[in-house]
Amino acid sequence: MAKKVVVEATINGEPTEFLCEPRQSLLESLRDVLELTGSKEGCLTGDCGACTVIVDGRPLCSCLMLGVEAQGKTIQTVEGLAQPDNLHVLQQKFLEHASLQCGICTPGFLMSAKALLDRNPRPNEGEIRYALAGNLCRCTGYDKIVRAVADAAQTLAAGQRRGAQLGSGPSASEATDKFLQGEEVK
Ligand code: FES
Ligand code: FES
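Residues numbered from 1 in each chain as written. Chains lettered and ligands numbered in written order. Predicted model: local features only at pLDDT ≥ 70, side-chain atom pairs only at ≥ 80, totals over all residues.

Novice: Is there a simple way to explain the environment of His-88 in this structure?
Specialist: Along the chain, the position of His-88 falls in the loop between β5 (74-76) and α2 (89-96). With 22 residues separating them along the chain, His-88 and Leu-110 place their C-alpha atoms 9.6 Å apart. If we skip the residues at most four places from it in the chain, His-88 touches Leu-81 and Ala-82. (Helix = DSSP H or I, 4+ residues; strand = E, 2+ residues; numbered from the N terminus. Contact = placed C-beta atoms within 7 Å.)

Novice: Can you help me understand the packing of α2 against helix α3 (residues 106-119) in this one?
Specialist: Working note: a packed helix pair is described by the angle between its axes plus the distance between those axes. Two elements in contact, α2 and α3, have axes whose closest approach is 10 Å; the angle formed by their N-to-C orientations is 130 degrees. Considering their axes alone, α2 and α3 lie oblique with respect to each other. Taken as a pair, α2 and α3 cross one another with a handedness that is right-handed. Of α3, the residues touching α2 (which contributes Leu-90, Gln-91 and Phe-94) are Thr-106, Leu-110, Ala-113 and Lys-114. Class assignment of the residues belonging to the contact of α2 with α3 gives a composition of 4 nonpolar, 2 polar and 1 charged. (Axes fitted to C-alpha atoms, helices over the stretch in contact; angles between N-to-C directions. Parallel < 35°, antiparallel > 145°, perpendicular 65-115°, else oblique. Left-handed = near helix turned anticlockwise from the far one by under 90°. Nonpolar A, V, L, I, M, F, W, Y, C, P; charged D, E, K, R; others polar.)

Novice: In this structure, what is going on with the confidence of the model for the protein chain? I would like to understand it.
Specialist: Parts of the prediction with low pLDDT should not have their coordinates interpreted in detail. On average, the protein chain scores 90 in pLDDT, and the residues at 70 or more come to 87%. In the model, residues 167-173 has pLDDT below 50 throughout and makes 15 contacts with residues more than four positions away in sequence or in other chains. Predicted confidence is poor over residues 175-182, with pLDDT under 50, and the contacts of this stretch with residues over four places away or in other chains come to 14 contacts. (pLDDT = per-residue confidence, 0-100.)

Rendered as structure tokens:
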């Protein structure tokens, strides 16, 4: 067995140290060492996007990155999306729009969408489809996923507008309730 290497990274906001063999992928390290099994193993060749995580702000296939390459990086996985009492607005919108069936692709879509909204909070449909082009889904036909991401973007933007006016933003769920009731969220 190859000698293991100590890797230090920030994962979901927590300083994290783990051991991995130089040949192990980040996906293996996340799932098998850190027990963060939200990132899914699909193709292992970079084609399906089920293993997508955000590394230093960019969505990447964790099956194509070595665990040792995580040294010093900031990594977000699907486990870090929700707050203790609230789903992330993307997760909430995926549920509301029935954007998943078997769910194997969902963590990857959520992380690609999160990376998109972090860098472009008001994407148009083409930009959403482009950002999600590396994620495959065999169940939903994609439209419901695109609708959920668009709705999440609208909800987040409404929350930010209101936060800018009041000095503090509403929770995602407050903004979502208003949006779904057809009220203008200021
Ligand atoms: S498992 Fe990584 S892209 Fe498919
Ligand atoms: S929900 Fe089954 S592959 Fe996407």
